[in-house]
Amino acid sequence: MWVERRSSRVSDLSKLELSHGDIRSLLKWIKQNLLKERPELFMQGESVRPGILVLINDADWELMGELDYKLQDQDNVLFISTLHGG
Amino acid sequence: MAGGAEAARLSAEISRREQELRGLRERLAAVLAGGAAGDVAATEEGASAFPGELPPLPAQASLSTADILRYSRQLVLPELGVRGQLRLSRSSVLVVGCGGLGCPLAQYLAAAGVGRLGLVDHDVVETSNLHRQVLHGEARRGLPKAVSAAAALRLLNSTVQYVPYCCALSPRTALELVRQYDVVADCSDNVPTRYLVNDACVLAGKPLVSGSALRLEGQLVVYNYQGGPCYRCLFPKPPPPETVTNCADGGVLGVVPGIMGCIQALEVLKIASGMGSSFSQFMLMFDAREGRFRNIKLRPKKADCAVCGDNPSVTCLQDYEAFCGSSATDKCRTLHLLSSEDRVSVEEYKQLLDEQVPHVLLDVRPQVEVDICRLVHAVHIPLSKLEEKDEECLEYLEKRICEEKQRTNGQTYFPVYVVCKLGNDSQKAVRILQELPVKEFGSVSAKDIKGGLMAWASKIDPTFPQY
Ligand SMILES: [Zn+2]
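Everything quoted here is computed from the prediction, not taken from an experiment.

## A short note on the overall build of chain A
Next up, step 1: Within chain A, the regular secondary structure consists of two helices and seven strands.
Next up, step 2: Mapped from its N terminus to its C terminus, chain A presents α and β elements in the order β-β-α-α-β-β-β-β-β.
Next up, step 3: Counting all 86 residues of chain A, 53% fall into the buried class.
Next up, step 4: Summed over its atoms, the accessible surface of chain A is roughly 4,400 Å², and 46% of this surface lies on carbon and sulfur atoms.

Structure, rendered in structure tokens:
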């Protein structure tokens, strides 16, 4: 599994020790381990903040069950910020 | 009875010609008022200048010899053909924003022969736009972008009708405007306008081809098309304003919106000519650094969407600046974190320099901006390093303060002035310095310089670069 967020890449799902193996616990893990400063730029409550789209294997996470999606070993999870410039 | 039918036909003809005359008079008034020749000019002031209703495009039944010559290379494509070309010539497209996306988009739409292009932009051409807004030019600095774009496009293809609107799209006018066009291209640069354009398109039932770009990335989605989702289906809530980066702050490589605007133009042409779009319920993501495009499958239209859902709560246009908590421009926001006693003006700082008052000037901009220009006597520590309380940086700052302090006779509150580009980050930095442990920094009085280096450039030193 890959988590891409600019420079952060985490491989090997087993090393993450996620409590439930779902996106909800992945976000919790990211909040605790990768977001030292200003987590509000990424998170809101237990989910991502408005304006961030979560992609699981190049598909909108809404199609996959959002927070409840159970991560598989080869999954590619990508967090993208929507752009507004032009 | 035959006389009655004839009378009805004649009176219909009269009212049609009267409408035509009204249109001509409005265009004449606009031309006399200094608008671009031959086009309808529209501004915020005066309802007459805002074309209430545009006359319908002439229903061309066949291509002229000149049309065939001009469009021959695309006419021979079986996917387009004469049928597609005639459809284009009967189509009108509203371009919201004549910037980095809108310029290439409008250029290809005009070249391909759409019937009418509405060009919306409230801004004027500035030098710092020219690296990406390639329809404008040095000679047209200060001109409204909508007028400048129309003038450039007319040189390319004079058979297209151009309607420049030199005003921002507003909730008051958006729906009326969008209703008069067949396809809308969102080439805007801010969040409130994106929600406004989306809602207007949903309420008017128009397909929306939406592009965006920042730094080295671009995104494109077609919304509200053939049962697909709308912008609100995807983003029911606006992002917190502090998480939104504009092109002035974040930077953008000009060719990146250029590429996205071209793909936007392609999708508009496919929709208008009847080929259909590839990006309904799909997002195209472009990563210019890696040269990679990704196609993202999106959620379908949401039954609970506030505007396109089964029981919409948004049934007319609202106040989008209030909804998003930000203004409908891409201009930089002005923060007011500090009280006035913690701030000095550039004039006051200049006086301090002239009087050789001992102090430390701390520049908190990112390195890439310091490389562009700086004040030679400034100590440089980026805000990000201060935010993470980087030890090395804080020690360096302390050392520099001590050195300067020795030149005074034990002043109790040693002044540190903090500067950045516009005076926002410098306020955040002053806050951080004020909250540092008393042991090292207690005897320091930190203040920020209002308006930052750009104020310095415009008010004190005109040779200092503006960026
Ligand atoms: Zn919707």
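More follows now that the structure is in view.
## Some details on the UniProt feature "active site" (unreviewed entry) in chain B
Next up, step 1: Mapped onto the present numbering, the UniProt feature "active site" (unreviewed entry) falls on B:Cys247 and B:Cys420.
Next up, step 2: Counting through the fold element by element, B:Cys247 comes out in helix α10 (residues 247-250).
Next up, step 3: A relative accessible area of 8% places B:Cys247 in the buried class.
Next up, step 4: Not counting residues within four places of it along the chain, the set of residues in contact with B:Cys247 comprises A:Gly85, A:Gly86, B:Arg132, B:Ala213, B:Leu214 and B:Val252.
Next up, step 5: Assignment of secondary structure puts B:Cys420 in the loop between β12 (414-419) and α17 (425-434).
Next up, step 6: Look past the residues within four positions of B:Cys420 in its chain and what remains in contact with it is B:Val364, B:Arg365, B:Asp425, B:Ser426, B:Gly452 and B:Leu453.

## Here we look at the sheet that holds strand β13 (residues 444-449) of chain B
All names here are of chain B.
Next up, step 1: A sheet is described by the order of its strands in space; here five strands give the open sequence β9-β13-β12-β10-β11, paired in parallel fashion. Both edges of this open sheet fall to β9 (343-344) and β11 (379-380), since each of them pairs with a single strand only.
Next up, step 2: Pairing of strand β10 (residues 360-363) with β12 involves four bridges; the strand directions are parallel. Each bridged residue has a counterpart across the sheet, and for Leu361 the counterpart in β12 is Tyr417.

## Concerning the packing of aromatic side chains
All names here are of chain B.
Next up, step 1: Following the criterion strictly, the structure yields eight aromatic pairs over all chains and no others.
Next up, step 2: Here Tyr231 and Phe235 contribute two aromatic rings whose centre-to-centre distance is 5.2 Å and whose plane-to-plane angle is 55°, an arrangement assigned as tilted.
Next up, step 3: Judged by its relative accessible area of 5%, Phe235 falls in the buried class.

## Some points on the interface of chain A and chain B
Next up, step 1: Between chain A and chain B, the contact holds 25 residues from the first and 38 residues from the second.
Next up, step 2: A buried area of about 2,600 Å², summed over both sides, lies between chain A and chain B, and 55% of it is on carbon and sulfur atoms.
Next up, step 3: When the buried area of chain A at its contact with chain B is split by residue, A:Leu83, A:His84 and A:Gly86 rank highest and sum to 29% of it.
Next up, step 4: Viewed at the interface, chain B and chain A are joined by three salt bridges.

## Here's the deal with the UniProt feature "modified residue: 1-thioglycine" (unreviewed entry) in chain A
Next up, step 1: The sites that carry the UniProt feature "modified residue: 1-thioglycine" (unreviewed entry) are, in the present numbering, A:Gly86.
Next up, step 2: Within the element layout of this structure, A:Gly86 appears in the segment after β7 (76-81).
Next up, step 3: Once residues within four sequence positions are removed from consideration, A:Gly86 is found in contact with B:Gly99, B:Gly100, B:Leu101, B:Cys187, B:Ser188, B:Asp189, B:Ala213 and B:Cys247.

## A short note on the pairing of strand β8 (residues 292-297) of chain B
All names here are of chain B.
Next up, step 1: Bridge count for strand β7 (residues 282-287) against β8 is six bridges, and the pairing is antiparallel. Bridged to Leu284 within β8 is Asn295.
Next up, step 2: What sits between β7 and β8 in their antiparallel hairpin is a turn of four residues, with Gly291 showing a positive phi close to 60°.

## A short note on the confidence of the model for chain A
All names here are of chain A.
Next up, step 1: With 79% of its residues at a pLDDT of 70 or more, chain A shows a mean pLDDT of 82.
Next up, step 2: Across chain A, strand β6 (residues 59-60) holds the top mean pLDDT of 96, while strand β1 (residues 2-5) sits lowest at 47.
Next up, step 3: In this model residues 1-8 is a low-confidence stretch, pLDDT under 50, and it forms 34 contacts with partners more than four residues away in sequence or in other chains.

## Some details on the nonpolar core
The nonpolar side chains of soluble globular proteins are, as a tendency, buried together.
Next up, step 1: The biggest cluster of nonpolar side chains holds 45 residues, and the ones touching the most others in it are A:Leu53, B:Leu94, B:Tyr165, B:Leu169, B:Val184 and B:Met283.
Next up, step 2: For this core, the element with the highest residue contribution is helix α8 (residues 191-204) of chain B, accounting for eight residues.
Next up, step 3: B:Ala112, B:Ala150, B:Ala152 and B:Leu153 belong to the second largest nonpolar core, which has 44 residues in total.

About the criteria used
Residues numbered from 1 in each chain as written. Chains lettered and ligands numbered in written order. Predicted model: local features only at pLDDT ≥ 70, side-chain atom pairs only at ≥ 80, totals over all residues. Heavy atoms only, no water. Helix = DSSP H or I, 4+ residues; strand = E, 2+ residues; numbered from the N terminus. Buried < 20%, exposed > 50% of the residue type's maximum accessible area, 1.4 Å probe, protein only. Areas by Shrake-Rupley, 256 points an atom, 1.4 Å probe, with all protein chains shown as cover. UniProt positions renumbered as here; feature names shortened; annotations may be inferred. Contact = heavy atoms within 4.5 Å. Pairing = 2+ DSSP bridges. Phe/Tyr/Trp six-rings, centres within 6.5 Å; stacked < 30°, edge-to-face > 60°. Buried area = accessible area lost by both parts, 1.4 Å probe. Salt bridge = Lys/Arg side-chain N within 4 Å of Asp/Glu carboxyl O. pLDDT = per-residue confidence, 0-100. Core = buried A, V, L, I, M, F, W, Y, C linked by side-chain atoms within 4.5 Å.

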